[in-house]
Structures are given as structure tokens and as C-alpha cells.
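# Secondary and tertiary structure notes
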Amino acid sequence: MNTLIVYYSLEGNTDFVAKKIADKLQADLLRLVPVKKYPEKGFAKFFWGGKSAMMAETPELEPYSVDWNSYEQVIFGFPVWASNITPPLRTFIRDNHELKEKRLAAFACQSGKGAEQAFKKLTDTLEGNTLTATLILFDPKVKPKDENEVSIQEFCDSLS
Ligand SMILES: Cc1cc2nc3c(=O)[nH]c(=O)nc-3n(C[C@H](O)[C@H](O)[C@H](O)COP(=O)(O)O)c2cc1C
């Protein structure tokens with residue numbers, strides 16, 4: 001199934017997983033980049049990112065293009081922020097109503113908890129569409145584990 005992986009990553013964990021999934025499924029990658037970058041370090045990172053997620057902001061994105069006729073399936077990837085999806089993904093979903101017609105799945109990276117809640121909030125943005133599969137990983141780039149490889153493979157198997 002022709003698949004597009006749409007993701008945002010601040011610190012590389014989601015990017016790490018997105019590339020693994022793309023490799024296994026022969027999927028294309030679209031990394032979302034906000035025009036105004038989020039701080040990457042210290043208190044400012046948690047403060048501005050957390051606030052933006054809690055307020056369900058929709059930041060402007062750097063230009064991208066998607067040929068929607070080419071894809072039957074879209075996989076969203078995001079880091080959990082304040083038990084929510086990351087704002088750049090919210091912008092993408094708002095701007096691409098073609099998603100209503102696609103098979104959708106999602107994976108989330110987190111350091112503690114909140115992914116289940118974030119998936120519920122993600123589903124709320126999907127105009128009645130649902131997620132066929134979800135995957136949660138714990139800081140997979142900085143804390144690599146064999147079990148992550150297994151769960152990534154199972155996720156991909158359930159989608160192909
Ligand atoms: C602003 C902000 C808010 C976060 N909120 C949560 C949270 O609610 N729950 C959690 O488990 N991790 C939280 N994290 C940690 C990230 O979700 C986690 O480190 C993730 O693996 C980072 O992915 P990335 O490297 O692709 O950015 C937060 C990180 C940031 C920067």
C-alpha cells in the first residue's frame with residue numbers, strides 16, 4: 001500500500017523511528033517544519049512547546065507539497081507534548097482534508113506518559129476518520145532497545 005509518513009520531531013526520536021518505518025514499508029517521508037522554530041534546550045523548550053501544545057496552536061509550516069493521488073495510507077509521527085499531539089501536526093491535519101479518505105495510523109514518542117491521551121486528541125481532529133494502528137515508544141533514539149525493534153516491526157506488519 002502506498003504510504004506517506006508525516007511527522008514532526010524536535011530532538012530526533014520521532015525522526016529516527018519515521019526513517020525505520022519508511023525503510024520497512026518503502027514509504028515516503030514528509031517532515032513538518034514550523035516557520036518559527038521551537039526552542040531546543042532547557043526551560044524554554046518545555047515552556048514554549050508545552051504552552052503551544054496545550055493551547056492547540058496551529059503554527060505556520062515551511063512549504064511542502066503532497067500528491068494525494070499517490071497515497072492510500074498516511075502514518076502520523078509525533079513526540080507527545082503535554083499529553084497532546086505536537087502543533088505542527090495539528091496544522092497539517094487542518095490544512096489537508098484529503099486525509100478523510102485515507103487509511104490512517106500513528107506512532108508517538110514520549111519520555112513518560114500521555115501518548116494514549118494524545119491519540120484520543122489526534123482522533124478528535126480527524127473528521128470522523130479513525131486510526132487503524134498505533135505505536136508508542138519511549139525516547140527510542142536515546143534509549144535504543146531490542147523490544148522497540150520488535151514493536152516497530154509488528155506495527156509495520158499490521159499496516160502492509
Ligand atoms: C514541550 C515538551 C513537552 C513534552 N511533554 C511530554 C509529555 O506530556 N509526556 C511525555 O511522556 N513526554 C513529554 N515530552 C518528551 C518527548 O515527548 C520525548 O522526549 C520524545 O521522545 C521526543 O521526541 P523528538 O526527539 O522526536 O522530539 C515532552 C517534550 C517537550 C519538548
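The present account deals with the structure reproduced in this document. On a predicted model such as this, the values are computed, not experimentally measured, just so you know.

### Brief notes about the site of the ligand
Contacts to the ligand come from 23 residues, most closely from Glu 11, Asn 13, Thr 14, Gly 49 and Pro 79. Of all the secondary-structure elements, those providing two or more residues to the shell around the ligand are helix 1 (13–25), helix 2 (42–54) and strand 4 (103–110). Ranked by the residues each element gives to the shell around the ligand, the list is headed by helix 2, at four residues. Across the shell around the ligand, the residue classes tally to seven nonpolar, eleven polar and five charged.

### Considering the pairing of strand 3 (residues 73–79)
When you tally the buried positions in strand 3, you get six out of seven residues, the bulk of the element. Across five bridges, the pairing between strand 1 (residues 3–7) and strand 3 is parallel. Along strand 3, the bridge assignment pairs Tyr 7 with Gly 77. Pairing of strand 3 with strand 4 involves seven bridges; the strand directions are parallel. Bridge pairing links Gln 73 to Arg 103 in strand 4. In this fold, strand 3 hands off to helix 3 (residues 87–95), which returns the chain to strand 4; that crossover is right-handed.

### Points about the environment of Leu 131
Position of Leu 131 among the secondary structure elements: in strand 5 (residues 131–138). Looking at Leu 131, the number of C-beta atoms within 10 Å reads 15, which means it is partly exposed. In this structure the C-alpha to C-alpha distance between Leu 131 and Phe 119, which are twelve residues apart in sequence, comes to 8.6 Å.

### Notes on the sheet that holds strand 1
Spatially, the five strands line up as an open sheet ordered 2-1-3-4-5, and their pairing is parallel. Here the strands that pair on one side only, and so sit at the sheet edges, are strand 2 (28–31) and strand 5. Strand-to-strand twist in this sheet, taken as the mean axis angle between neighbours without regard to direction, amounts to 20°. Those strands touched by helix 4 (residues 115–124) are strand 3, strand 4 and strand 5, and its axis lies near 145° from that of strand 4.

### Some points on unusual backbone geometry
Positive phi values are uncommon outside glycine, yet Ala 82 reaches one of about 50°. Structurally, the position occupied by Ala 82 is in the loop between strand 3 and helix 3. The exposure class of Ala 82 is partly exposed, given the 17 C-beta atoms found within 10 Å. Of note, Ser 83 is a non-glycine position whose phi angle comes to about 55°, a positive value. Within the secondary structure layout, Ser 83 lies in the loop between strand 3 and helix 3.

### What to know about helix 1
Along its 13 residues, helix 1 runs 19 Å from first to last C-alpha, staying within 8% of the 18 Å computed at 1.5 Å per residue. Three or more residues of helix 1 are buried, namely Asn 13, Thr 14, Val 17, Ala 18 and Ile 21. Buried residues in helix 1, looked at end-on, bunch into an arc of 125°, giving them a common side. The elements touched by buried residues of helix 1 are strand 1, strand 2, strand 3, strand 4, strand 5 and helix 5 (146–159).

### Concerning the pairing of strand 5
Moving residue by residue along a regular strand, the side chains alternate between the two faces of the sheet. Taken together, the six bridges between strand 4 and strand 5 define a ladder with parallel strand orientation. Residue pairing for strand 5: Phe 107 is matched across the bridge by Leu 135. For the handedness criterion, the β-α-β arrangement of strand 4, helix 4 and strand 5 is classed as right-handed.

The rules we used
- Residues numbered from 1 in each chain as written.
- Predicted model: local features only at pLDDT ≥ 70, side-chain atom pairs only at ≥ 80, totals over all residues.
- Near = placed C-beta within 6 Å.
- Helix = DSSP H or I, 4+ residues; strand = E, 2+ residues; numbered from the N terminus.
- Nonpolar A, V, L, I, M, F, W, Y, C, P; charged D, E, K, R; others polar.
- Buried ≥ 20, exposed ≤ 12 C-beta atoms within 10 Å, placed from the backbone.
- Pairing = 2+ DSSP bridges.
- Right-handed = clockwise from strand over helix to strand, strands pointing away.
- Axes fitted to C-alpha atoms, helices over the stretch in contact; angles between N-to-C directions.
- Contact = placed C-beta atoms within 7 Å.
- Expected span 1.5 Å × (residues − 1).
- Arc of directions from axis to C-beta.

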